[in-house]
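What follows is the residue order along each chain.
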Amino acid sequence: MSLFARTRRLAILSTALLAAGLSWAQAPIVIKFSHVVANDTPKGKAADFFAKRAAELTGGKVKVEVYANSTLYKDKEEMEALQLGAVQMLAPSLAKFGPLGAKEFEVFDLPFIFDNYEELHKVTQGPVGKMLLGKLEGRGIKGLAFWDNGFKSFSANKPLKSLDDFKGQKLRIQSSKVLEAQMRALGALPQVMAFSEVYQALQTGVVDGTENPHSNLYTQKMHEVQKHVTLSDHGYLGYAVITNKKFWDGLPADLRGKLEQAMTESTAYANRIAKEENDAALEKVKASGKSQVHALSVAERQAMKKAMVKVHQEMASRIGQDVLNAVYKETGFDPNKL
């Protein structure tokens, strides 16, 4: 082969390799974002919003693929999948972190610890929230933000208003020692179950009832198989948006900055729509006529609160008295004044 032919061949090969390299360099970074609720819940909408803003802010260099409704992983599988790098982002409910070993997060499961969103956000958006997210780093997880869902109501096939109403009722909960203690304080029987299995369990009578913010109750159609809903606001359900720490730290700094901006915007969006979505879902539950909705009287709610607040001290050694005190300081809550 002549020198010219060899040179030409090398030039063609170099061009091909360069083109392949450019093509590879331009391929977007894919973030698989898995969650277990429907697309039309506050979390589902916020995840889709984040995907949209991530693409816009990075100029398409990052592609977020959202997998809703447990289509990729169920409750019990998703955390391990994140740690193994099979997915890059999750937004698990805060109760999921206790079984992982971050028991401090179970402070969010304590009954009646927040009376409103203002008190809640002093914690999730302040130094206590930042401290809690930092606890995850030793487990290979980077905490990015807290997202609201809302305050929970009870549902069952009988009205749950007095303490006697709860006795012997099998109520589904997430895997949480705090939620187990909460149900036992009411005289109910806690039943740990994956979120994706709850509708069928309610339908078939495997469990009698559950607790949920209204958006989850409605979008999962649980109200169709529950005759009664009690507006108790006894507990909070929120999420921590998390990512695989090794993956996050390995991103180019400029892209990571853009994704942090997208997350800040998505958190503001998620928290803005949470109450709105839950209020709308409650109206839809009422309009369906399938569940009778009960509002607690002041006396009924106070009786429930007194019965359940003992869980705070029962769980103090598990969660950490210092964490409890830090939350009380932010919110002004004093269990001794009940």
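As shown above, the structure is provided for reference.
Here is a short report on the structure shown in this document. (Residues numbered from 1 in each chain as written. Predicted model: local features only at pLDDT ≥ 70, side-chain atom pairs only at ≥ 80, totals over all residues. Heavy atoms only, no water.)

Examining the overall build of the protein chain
Thinking step 1. What the protein chain contains, in helices and strands, is 16 helices and 11 strands.
Thinking step 2. If you line up the protein chain on its principal axes, its C-alpha atoms span 95 × 45 × 30 Å.
Thinking step 3. Taken over 338 residues, the protein chain has a buried fraction of 51%.
Thinking step 4. Of the contacts formed within the protein chain by residues at least 6 apart in sequence, a portion of 75% connects residues at least 24 apart.
Thinking step 5. With the model as given, the accessible surface of the protein chain reaches about 15300 Å², and the carbon-plus-sulfur share is 52%. (Helix = DSSP H or I, 4+ residues; strand = E, 2+ residues; numbered from the N terminus. Buried < 20%, exposed > 50% of the residue type's maximum accessible area, 1.4 Å probe, protein only. Contact = heavy atoms within 4.5 Å. Areas by Shrake-Rupley, 256 points an atom, 1.4 Å probe, with all protein chains shown as cover.)

Some points on empty space enclosed by the protein
A probe as big as a water molecule, rolled over the atoms, marks out the empty space that is left.
Thinking step 1. Applying the stated rule across the entire model yields 1 cavity of 30 Å³ or more.
Thinking step 2. Here the largest cavity is characterised by a volume of approximately 150 Å³.
Thinking step 3. As for the largest cavity, its lining consists of 19 residues, of which S93, R172, Q174, F195 and L237 are closest to the centre.
Thinking step 4. Of all the secondary-structure elements, those providing two or more residues to the lining of the largest cavity are helix 3 (75-84), strand 6 (170-173), strand 8 (209-212) and strand 10 (236-244). (1 Å grid on protein atoms, 1.4 Å probe; cavity = no way out; pocket = protein on both sides within 12 Å on 5 of 7 lines; lining within 4 Å. Points joined across faces, edges and corners; volume = space filled by probe spheres on them.)

Remarks on helix 8 (residues 177-185)
Thinking step 1. Most of helix 8 sits inside the fold, with 7 of its 9 residues counted as buried.
Thinking step 2. Those residues of helix 8 that fall on the buried side of the exposure criterion are V178, L179, E180, A181, Q182, M183 and A185.
Thinking step 3. By the N-cap criterion, in which a side-chain oxygen at the helix start approaches the backbone nitrogen of a residue two or three places on, helix 8 is capped by S176, the distance to V178 being 3.3 Å. (Polar contact = N/O pair within 3.5 Å; in protein donor to acceptor, adjacent residues only side chain to side chain.)

A word on the packing of helix 6 (residues 127-134) against helix 16 (residues 321-331)
Thinking step 1. Running from N to C, helix 6 and helix 16 cross one another at 155°; their axes reach a closest spacing of 10 Å. On the basis of their axis angle, the class for helix 6 and helix 16 is roughly antiparallel. Counted together, P127, V128, M131 and L132 of helix 6 and V323, A326, V327 and E330 of helix 16 form the full contact between these two elements.
Thinking step 2. Residues of the contact of helix 6 with helix 16, tallied by class, amount to 7 nonpolar, no polar and 1 charged. (Axes fitted to C-alpha atoms, helices over the stretch in contact; angles between N-to-C directions. Parallel < 35°, antiparallel > 145°, perpendicular 65-115°, else oblique. Nonpolar A, V, L, I, M, F, W, Y, C, P; charged D, E, K, R; others polar.)

Overview of helix 13 (residues 298-308)
Thinking step 1. Buried within helix 13 are the following residues: M304, K305, A307 and M308. Down the axis, helix 13 shows its buried residues gathered within 165° of arc, on one side only. In this structure, helix 13 carries V298 and A299 as exposed residues pointing more than 90 degrees from its buried face.
Thinking step 2. Looking at the buried side of helix 13, the elements it contacts are strand 5 (153-156), helix 7 (163-166), helix 8 and helix 14 (310-314). (Arc of directions from axis to C-beta.)

Details of the pattern of salt bridges
Thinking step 1. Per the counting criterion, the structure on display carries 18 salt bridges.
Thinking step 2. One salt bridge in this structure joins E283 and K286, with 3.7 Å as the shortest N-O distance. Of this pair, E283 and K286 both sit in helix 12 (residues 253-288), 3 residues apart, which is roughly one turn of the helix.
Thinking step 3. By relative accessible area, which is 45% here, E283 ends up partly exposed.
Thinking step 4. One salt-bridge network, held together by shared partners, links K52, R53, E56 and E265. (Salt bridge = Lys/Arg side-chain N within 4 Å of Asp/Glu carboxyl O.)

Purely spatial values, then, with no claim about function.
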